[in-house]
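Listed below are the residues making up each chain.
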Amino acid sequence: HYSGLEEAVYRNIQACKELAQTTRTAYGPNGMNKMVINHLEKLFVTNDAATILRELEVQHPAAKMLVMASHMQEQEVGDGTNFVLVFAGVLLELAEDLLRMGLSVSEAMKWCSEYLLFAAQVIEGYEKACKKALEILPDLVCSSAKDLRDVEEVASLLHTSVMSKQYGNEQFLAKLIAQACVSILPDSGHFNVDNIRVCKIVGAGISASSVLHGMVFKKETEGDVTSVKDAKIAVYSCPFDGMITETKGTVLIKNAEELMNFSKGEENLMDLQVKAIADSGANVVVTGGKVADMALHYANKYNLMLVRLNSKWDLRRLCKTVGATALPRLTPPTLEEMGHCDSVYLSEVGDTQVVVFKHEKEDGAISTILIRGSTDNLMDDIERAVDDGVNTFKVLTRDKRLVPGGGATEIELAKQITSYGETCPGLDQYAIKKFAEAFEAIPRALAENSGVKANEVISKLYAVHQEGNKNVGFDIEAETAAVKDMLEAGVLDTYLGKSWGIKLATNAAVTVLRVDQIIMAKPAGGPKPPSGKKDWDEDQND
């Protein structure tokens, strides 16, 4: 007979466990895909936890805590969202066991104050264990990135994060991502993930994907000119059209000659404007608005290549790529306002027309990864793998340390935190040992998703780690419960990703355990007034 308080806590834990279980089967390279249909009835087929959570509408407030922790990991590190969910879910599951064990020990635990005291002990134990884990983690660093400008080395470091989304294609994709990232890494070392663009074009296969230094737009050129070498680019945020007055004017035309002169004046004005742009040295015009027929005629006359971009974001990124300034009016650009790139040309990829702004030199401001694939869903999944790889590169620019993957770090943490728990007096030690046990969930999930007996894998890992082999993890490619050295296999996780994941998962679990009531503000009940009837409450005789 549990009190209402305990039931509220158990309901919260149950909601979080169900959410964690959803993404747990998607963990690791052999994780299953989920088919998610969002509120707009758009279909997603993916094993990326960040995407699954973004498209699921999680209603339960406690489960939303886990979602928020996962989003925070996505913003801070860009990868490891599933680790946060799985770890937080297991922490809560084990906390439930502790609370039930504490409740059955003594009848007095049924009283609120006693129950809350025991819950506080669990929370305190988790926080101590988390602090200890973060102290141990630097000792588990097995390697660090030496040269982030070496494409081969960077590609080998990105394998692990790409492998979890695109198992089998990680070698090829990691090389592409490494080429794109290294080519735009500034001397200052401040890497911006927005400078890697992705352009998806249906057709061919993954192996036909490539990297371009510059930008690619799925657009066609407006005029007759389709290719320009040594391009000088004028960028306008306004429509490529004649000026329209702000006030309306009425023109009285008395004869045909006046009508001819009126339209001729407009044509001459347009001619002068376009000629002035051409005379400034510009040979490519990019506009953010519509292109008038008359303006198009004069652009063709003066051999100007005309490209229209509807998105203001694309316009801004292009300005950054070519070093141009977006002008708000059709005025001739100065040399400082003009952008430059080696070539602008219209190309056909598959059956899709694309405009390419290409830099021949390696160190451009923006790189584009051109993804090819047979279906939109496949290309979306490859894009998510690319995002993870790019974010991993960004993390490495901040902290070059790496820890072994494949569950090696987790088992070593579990072993050391269990030993630490033995030295702690009081009720805290139970929570600390459960925190250590929660780390087993990661190799367990990897083993289960690979169709291997998880208990066998974990016992082998513990046996090897007792001998002092800190870098040994689960061998995902073996058909049986096998282990191997993760450093030699090149399966490495970023130190920052792991430390943030542990912190955020613990914070989320502790926050859920601290909640004893969920109070939702909803409109008061009662009958609703009938709709559509005006003055329904007035006396009919009036």
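This structure is a prediction, so every number in the text was calculated from the model and none was measured. (Residues numbered from 1 in each chain as written. Predicted model: local features only at pLDDT ≥ 70, side-chain atom pairs only at ≥ 80, totals over all residues. Heavy atoms only, no water.)

1. Observations regarding the overall build of the protein
Regarding its fold elements, the protein presents 17 helices and 16 strands. In summary, the protein has a C-alpha radius of gyration of 31 Å against a globular reference of 24 Å for 542 residues, an excess of more than 25%. By principal-axis analysis of the C-alpha atoms, the protein measures approximately 105 × 90 × 40 Å. Buried residues in the protein amount to 49% of all 542 residues. In the protein, once contacts between residues fewer than 6 apart in sequence are set aside, the share between residues at least 24 apart is 75%. A total accessible area of about 26,700 Å² is found for the protein, and carbon and sulfur atoms account for 51% of it. Each charge sign in the protein was given a centre, from 57 positive and 76 negative side chains, and these centres are 1 Å apart. (Helix = DSSP H or I, 4+ residues; strand = E, 2+ residues; numbered from the N terminus. Rg over C-alpha atoms; globule rule 2.2 N^0.38 Å. Buried < 20%, exposed > 50% of the residue type's maximum accessible area, 1.4 Å probe, protein only. Contact = heavy atoms within 4.5 Å. Areas by Shrake-Rupley, 256 points an atom, 1.4 Å probe, with all protein chains shown as cover. Lys, Arg positive; Asp, Glu negative; His and termini not counted. Charge placed at Lys NZ, Arg CZ, Asp CG, Glu CD.)

2. Concerning the pattern of salt bridges
As enumerated under the stated definition, the model contains 25 salt bridges in all. When the shortest N-O distance is used, the salt bridge between Lys-128 and Asp-428 registers 2.7 Å. Here the residue Lys-128 occupies a position in helix H5 (residues 112-136), and Asp-428 occupies one in helix H13 (residues 428-438), the gap between them amounting to 300 residues. Between Lys-415 and Glu-412 there is a salt bridge, with its nearest N and O atoms 3.7 Å apart. On the criterion of helical spacing, the pair formed by Lys-415 and Glu-412 is a turn pair, its members being three residues apart in helix H12 (residues 408-422). Beyond isolated ion pairs, a larger network of salt bridges with shared partners links Asp-48, Lys-165 and Asp-388. (Salt bridge = Lys/Arg side-chain N within 4 Å of Asp/Glu carboxyl O.)

3. What about a nonpolar patch on the surface?
Among the surface-exposed residues, Val-251, Ile-253, Leu-259 and Phe-262 lie close enough to one another that they form a single nonpolar patch of about 370 Å² accessible area. Considering the arrangement of structural elements, one finds Ile-253 in the loop between strand S6 (227-236) and helix H8 (256-279). (Patch = residues over 30% accessible without salt bridge, like charges linked within 9 Å, V, L, I, M, F, W, Y side chains within 5 Å.)

4. As for the sheet that holds strand S16 (residues 492-494)
The strands that make up a sheet are held in pairs by hydrogen bonds between backbone atoms, and each pair lies either parallel or antiparallel. Taken together, three strands build an open sheet; the order of strands is S3-S13-S16 and the sheet is antiparallel. Each edge of the open sheet is held by one strand with a lone partner, namely strand S3 (143-144) and S16. Its contacts with the sheet put helix H17 (residues 495-513) on strand S13 (401-404) and S16, and the angle it makes with S16 is roughly 65°. (Pairing = 2+ DSSP bridges. Axes fitted to C-alpha atoms, helices over the stretch in contact; angles between N-to-C directions.)

5. With respect to unusual backbone geometry
Residue Glu-41 is not a glycine yet carries a positive backbone phi of 65°. As for its placement among the helices and strands, Glu-41 is situated in the loop between strand S1 (34-37) and strand S2 (43-46). The residue Asp-230 is not glycine, and still its phi comes out positive at about 45°. Among the structural elements, Asp-230 can be located in strand S6.

6. Brief notes about the packing of aromatic side chains
Under the definition given, this model contains seven aromatic pairs. Judged by centre distance (4.6 Å) and plane angle (25°), the rings of Phe-87 and Phe-439 are stacked. One end of the pair, Phe-87, is in helix H4 (residues 81-105); the other, Phe-439, is in the loop between H13 and helix H14 (441-449), and 352 residues separate them in sequence. Take Phe-87: its relative accessible area is 0%, and that puts it in the buried class. Accessibility expressed as a relative area gives 0% for Phe-439, which makes it buried. Aromatic pair Phe-435 and Phe-439: ring centres 5.5 Å apart, planes at 80°, arrangement edge-to-face. In this structure Phe-435 comes out as buried when scored by relative accessible area, which is 0%. Through pairs of rings, three or more aromatic residues link up here, namely Phe-83, Phe-87, Tyr-126, Phe-435 and Phe-439. The lysine or arginine in question, Arg-401, covers the ring of Tyr-495, its NZ or CZ lying 3.9 Å from the ring centre. (Phe/Tyr/Trp six-rings, centres within 6.5 Å; stacked < 30°, edge-to-face > 60°. Lys NZ or Arg CZ within 6 Å of the ring centre and 35° of its normal.)

7. Describing the nonpolar core
Formed by 74 residues in total, the largest nonpolar core has its most connected members in Tyr-126, Ile-417, Phe-435 and Ile-502. It is H4 that contributes the most residues to this core, 13 residues altogether. Beyond its immediate chain neighbours, meaning those up to four positions away, Tyr-126 contacts Leu-91, Leu-94, Ala-95, Ala-431, Lys-434, Phe-435, Thr-506, Val-510 and Leu-513. Listed in part, the 33 residues of the second largest apolar core include Ala-145, Ile-177, Cys-181 and Phe-393. (Core = buried A, V, L, I, M, F, W, Y, C linked by side-chain atoms within 4.5 Å.)

8. What to know about the packing of H8 against helix H9 (residues 293-301)
Taken N-terminus to C-terminus, the directions of H8 and H9 make an angle of 45°; their axes are 9 Å apart at the nearest point. On the basis of the axis angle, H8 is oblique to H9. Viewed along their axes, H8 and H9 form a crossing whose handedness is right-handed. Residues Glu-266, Glu-267, Met-270, Asp-271 and Val-274 of H8 form the contact with H9, whose own contacting residues are Met-294, Ala-295, Tyr-298, Ala-299 and Lys-301. The class makeup of the residues in the contact of H8 with H9 is six nonpolar, no polar and four charged. (Parallel < 35°, antiparallel > 145°, perpendicular 65-115°, else oblique. Left-handed = near helix turned anticlockwise from the far one by under 90°. Nonpolar A, V, L, I, M, F, W, Y, C, P; charged D, E, K, R; others polar.)

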